Amino acid sequence: MRTIDAVTEALDRGPGAALAYLNDGVPHRFSAVYRFAGPLLHNVLLHDKAGRIRPEFLAVVPFSRSYCQYVVREAAFRTDNSLADPRLFGHALRGIVVSYHSVPMLDPVSGHLWGTLSHFDMRSLPLADEEFELLKQAATVLAPVVIAL
């Protein structure tokens, strides 16, 4: 069973190693940290299972065109298939980012929402409840390290 202790161990090798550990346990191609910056989201950390350079369209995303807005509104967000999810009808990324599972990252000093930690893919993929819970726990452990970057 994968644990937050293993995430913390991986974090000793750096935030990229912790993100890679999280990604290793899920079928999703991407795991990422995004930082809120006014009307934009900036990708500060990305793990691509395919080992490719970050696609340009993932570098900076308008908040209004992101699924992160649902994380803000609902305190977490999960969809295995954006094409079948009625909450996403009419959304700009519907059918592009098909599976998306994300949790908020809070600034440990102020308690304010700083960004999101997500697993996502361009294919329909489920995320086990245990992995979503681990993602929530990891957001707390990763936040102080990633915010300091």
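Everything here concerns the structure above.
In this text, all values refer to a predicted model and were calculated from it rather than measured experimentally. (Residues numbered from 1 in each chain as written. Predicted model: local features only at pLDDT ≥ 70, side-chain atom pairs only at ≥ 80, totals over all residues. Heavy atoms only, no water.)

> Can you walk me through the side chain of His119 in this structure?
Considering the arrangement of structural elements, one finds His119 in strand β6 (residues 113-121). Judged by its relative accessible area of 0%, His119 is buried. Every residue in contact with His119, bar those within four places of it in the chain, is listed here: Leu22, Asn23, Val26, His28, Phe30, Ser31, Ser99, Tyr100, His101, Leu127 and Leu135. (Helix = DSSP H or I, 4+ residues; strand = E, 2+ residues; numbered from the N terminus. Buried < 20%, exposed > 50% of the residue type's maximum accessible area, 1.4 Å probe, protein only. Contact = heavy atoms within 4.5 Å.)

> Explain helix α2 (residues 15-24) to me, please; I cannot follow it from the model alone.
Helical geometry: 3.6 residues make up each α-helical turn, so side chains three or four residues apart lie on a common side. By the criterion of burial, α2 is predominantly enclosed, with seven of the ten residues buried. Taken together, the buried positions of α2 are occupied by Pro15, Ala18, Leu19, Ala20, Tyr21, Leu22 and Asn23. Those residues of α2 hidden inside the fold are in contact with α1 (4-11), β1 (30-37), β2 (40-48), β6 and α4 (129-147).

> Is there a simple way to think about the sheet that holds β1 in this case?
Strand pairing in a sheet relies on backbone hydrogen bonds. The paired strands run either parallel or antiparallel. The six strands are arranged β3-β2-β1-β6-β5-β4 in an open sheet whose pairing can be described as antiparallel. If you trace the sheet from one side to the other, it starts and ends with β3 (60-62) and β4 (77-79), each paired once. Averaged over all pairs of adjacent strands, the angle between strand axes in this sheet comes to 25°, irrespective of strand direction. Across six bridges, β1 lies against β6 in antiparallel orientation. Bridge pairing links Ser31 to His119 in β6. Together, β1, β2 and β6 form the strand contacts of α2, whose direction differs from that of β2 by roughly 70°. Its contacts with the sheet put α4 on β1, β2, β4, β5 (99-106) and β6, and the angle it makes with β5 is roughly 40°. (Pairing = 2+ DSSP bridges. Axes fitted to C-alpha atoms, helices over the stretch in contact; angles between N-to-C directions.)

> How do you make sense of the environment of Asp12 when you look at a structure like this?
Relative to the helices and strands, Asp12 is located in the loop between α1 and α2. Accessibility expressed as a relative area gives 69% for Asp12, which makes it exposed. Along the chain, Asp12 and Leu83 lie 71 residues apart, while their C-alpha atoms are 38 Å from each other.

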